[in-house]
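This is what each chain is made of:
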Amino acid sequence: MAFALTVLFLGREFPKPTVWVSPSRVVALGGSITIRCEGLYPDMEFFLRKAGHLNLQAQSVPDGTVAEFPIPSVSREDGGSYTCDYRAITDQNRWSYPSDPVRIIVGEPSCPKPNIALRPSGGVSLGGAVTVWCRGQRWGVRFVLNKEGRHFPSVDLDGFGAVFPISNVSREHSGSYSCSYHSRSEPFAVSYPSDPVELVVREGSLPKPSISVSPGGVIPVGGNVIIRCRHQRLGLRFLLYKDGDGNHLTYTDPAGSEAEFLITSARREQSGNYTCRYSNRTGPAAYSEPSAPVQIIVAGGSESPATPVLTNPIIAGVSAAAAGFLLPVAFVCFRITRARKGAAQRPSSPLGVLKAPDQQDPVYSSIDEGKQPPTLEPDPGAEGLTYAELDHQVLQAKQGAPAPAPEPILYTAINYLTTLDLTKGYWQVPLDPEARAKSAFTTPVGLFEFLVLPFGLKGAPATFQRLVDQLLRGMEDFALAYIEGAHGEKQAC
């Protein structure tokens, strides 16, 4: 046994190289990656080896220390475990030890890309600690952290996210990070890499800059605001950060000691806390402490239709749900005190406002044939609330009933069974002008009509069921819906 070990390590005298995959070792079918192997010395010949395969790839690097092995169009056969080593070009008997293995995961890109964040987000000093958080949209998957020149072990988690702690931070830890995830079993389902986040490692104790915002106070939607960052030294690069964003928003190299960051046509989502820091333009990267935060509040006015607001789908969904819940409550329920004071100025509403009868509005005349509709009287015992009612005699036309509840189905040989219960699904169905007129109702402050399908109509369930059936047409093998409940099964991720 001792003789066998001697033969195995004969000529292994160079330190093992570092191997990593760019941009990620989790890759979609047809994607492009590059396997990089880095040694300590120039004038070396590198060898890439795949487990289970006798063929190897070789590349000589006479002037550098990094060898690149590109794979321009990845197939499933490219997945697996890889190692690399190197030997001297001038003396081929002198070898390095093999690198640690790196495993490439190849699969269908059926998983949404994850989110990534740093805690703390404002940078970390040498010797400090930082945590990289990666959160996906699938449960029970395997997460991979990506960084140029580094290989991190993957993390299994039963929840939706993974934590990668980094202690005793060094200069080598600075740089751009992203993360990916994949299912735990083959055939793999994979995500694309997350957006990158920049880890700033501060060296020394450079004093923090000062920051100010002009004008102060609340900024109207569409207004302009200037953030100024200042330090007494010249020749600096200033970087602007927003709380919650891991990477800097932008940077500038001013001629003087003050940098200006202009925000034009301000949008509500640009509200938040901002900080800035500075670094050297040349030489080794050295970053200052972040400035004290300044707050920008964008409110009031109205967004232009062309302005891209609520670009984040989660924020947009939450905002739409909140608006859908609050606005009908605000304009259907009125306090008795408002009713006693008479009709107030009509606020904007998701419900269409009908004109008075004397204006001969054709939408209104189709409701009561010119008759004055009854006005709701306040009820002193209703705890200060007055409720509007619809004219059900006109609205509840017989349109049939929804399909009967489906028979139970036994799902077998699947990995995931998903149940979706829609919220306020009827309000996703717009009403045509004729139907809007029939949905009119009165309140102490005026006459209103629905622009979307209201709840409580006899034909509403059947109408909405037909819409859901049309949306799921062609997906009957794995999706089933009854009214607002949708069920789906899917394998892997």
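Refer to the structure above for everything that follows.
Quantities reported herein were computed from a predicted structural model and do not represent experimental measurements.

Draft legend 1. The overall build of the protein chain, seen in detail. From N to C terminus, the protein chain includes seven helices and 37 strands. By the burial criterion, 36% of the 493 residues in the protein chain qualify as buried. Of the roughly 27900 Å² that the protein chain leaves accessible, carbon and sulfur atoms contribute 55%.

Draft legend 2. Broad picture of the sheet that holds strand E28 (residues 272–280). Read across the sheet, five strands follow the order E23-E29-E28-E25-E26 without closing on themselves; strand pairing throughout is mixed. Pairing within the sheet leaves two strands with one partner each, and these edge strands are strand E23 (218–220) and strand E26 (250–252). Strand after strand, the sheet turns through a mean of 30° between neighbouring axes, direction not considered. Bridge count for E23 against strand E29 (residues 294–299) is three bridges, and the pairing is parallel. When the sheet's bridge partners are listed, Ile219 is paired in E29 with Val298.

Draft legend 3. Representation of the packing of aromatic side chains within the structure. Going through the model one piece at a time under the given rule, you end up with ten aromatic pairs. Relative to Phe455, the ring of Tyr426 has its centre 4.7 Å away and its plane inclined at 20°; by these criteria the two rings are stacked. Taken together, the positions of Tyr426 in the loop between strand E33 (416–421) and helix H6 (433–438) and Phe455 in the loop between strand E35 (446–449) and helix H7 (460–471) put the pair 29 residues apart, joining distant regions of the chain. A relative accessible area of 44% places Phe455 in the partly exposed class. By way of ring pairs, the aromatic residues Phe14, Tyr41, Phe46 and Tyr86 are connected into one cluster.

Draft legend 4. Seen up close, the environment of Leu206. Mapped onto the secondary structure, Leu206 falls in the loop between strand E21 (201–202) and strand E22 (210–214). For the pair Leu206 and Tyr278, spaced 72 residues apart in sequence, the C-alpha to C-alpha distance is 9.0 Å. Not counting the four nearest positions on each side in its chain, Leu206 is found in contact with Arg233, Tyr278, Ala286, Tyr287, Ser288 and Glu289.

Draft legend 5. Seen up close, unusual backbone geometry. That bond from Ser22 to Pro23 is cis: its omega, -5°, falls within 30 degrees of zero. Looking at the element boundaries, Pro23 is found in the loop between strand E2 (18–22) and strand E3 (26–28). For the bond from Glu186 to Pro187, the omega torsion is -5°, close enough to zero to count as cis. Position of Pro187 among the secondary structure elements: in the loop between strand E18 (175–182) and strand E19 (189–191). One non-glycine residue, Asn168, lies in positive phi territory at about 50°. The topology assignment puts Asn168 in the loop between strand E17 (161–166) and E18. The backbone phi angle of Ser265 is positive, close to 50°, even though this residue is not glycine. As for its position among the elements, Ser265 is in the loop between strand E27 (258–263) and E28. For Ser265, a relative accessible area of 45% gives the class partly exposed.

Draft legend 6. Inspection of the state of the cysteines at higher detail. Tallied over the entire structure, the rule returns three disulfides. Each sulfur in the disulfide pair Cys37 and Cys84 lies 2.0 Å from the other. Linking Cys37 and Cys84, the disulfide has an S-S dihedral of approximately 80° and is accordingly described as right-handed. Note that Cys37 is positioned in strand E4 (residues 33–38) and Cys84 in strand E8 (residues 80–88), a separation of 47 residues in sequence. Overall, Cys37 belongs to the buried group, its relative accessible area being 1%. One disulfide in the model links Cys134 with Cys179; its S-S distance is 1.9 Å. The chirality of the disulfide connecting Cys134 with Cys179 is right-handed, given an S-S dihedral of about 80°. Here Cys179 lies in strand E18 and Cys134 lies in strand E13 (residues 130–135), a separation of 45 residues in the sequence. With respect to class, Cys134 is no different from Cys179; both count as buried.

Draft legend 7. Region of interest: the environment of Glu108. Inspection of the secondary structure puts Glu108 in strand E10 (residues 102–111). Its relative accessible area of 41% is what places Glu108 among the partly exposed residues. Sequence spacing of Glu108 and Ala28 is 80 residues, and the spatial spacing of their C-alpha atoms is 5.6 Å. In this structure Glu108 touches Leu29, Arg76, Phe188, Ala189 and Val190, once residues within four positions along its chain are discounted.

Draft legend 8. View of the pairing of E8. The buried fraction of E8 is high, at seven of nine residues. Bridging between strand E5 (residues 44–50) and E8 involves seven bridges; their strand directions are antiparallel. Note on E8: the bridge partner recorded for Lys50 is Tyr82. Where E8 lies against E10, three bridges are found, and the strand directions are antiparallel. The partner of Gly80 across the bridge, within E10, is Ile104.

Conventions used here
- Residues numbered from 1 in each chain as written.
- Predicted model: local features only at pLDDT ≥ 70, side-chain atom pairs only at ≥ 80, totals over all residues.
- Heavy atoms only, no water.
- Helix = DSSP H or I, 4+ residues; strand = E, 2+ residues; numbered from the N terminus.
- Buried < 20%, exposed > 50% of the residue type's maximum accessible area, 1.4 Å probe, protein only.
- Areas by Shrake-Rupley, 256 points an atom, 1.4 Å probe, with all protein chains shown as cover.
- Pairing = 2+ DSSP bridges.
- Axes fitted to C-alpha atoms, helices over the stretch in contact; angles between N-to-C directions.
- Phe/Tyr/Trp six-rings, centres within 6.5 Å; stacked < 30°, edge-to-face > 60°.
- Contact = heavy atoms within 4.5 Å.
- Disulfide = S-S within 2.5 Å.

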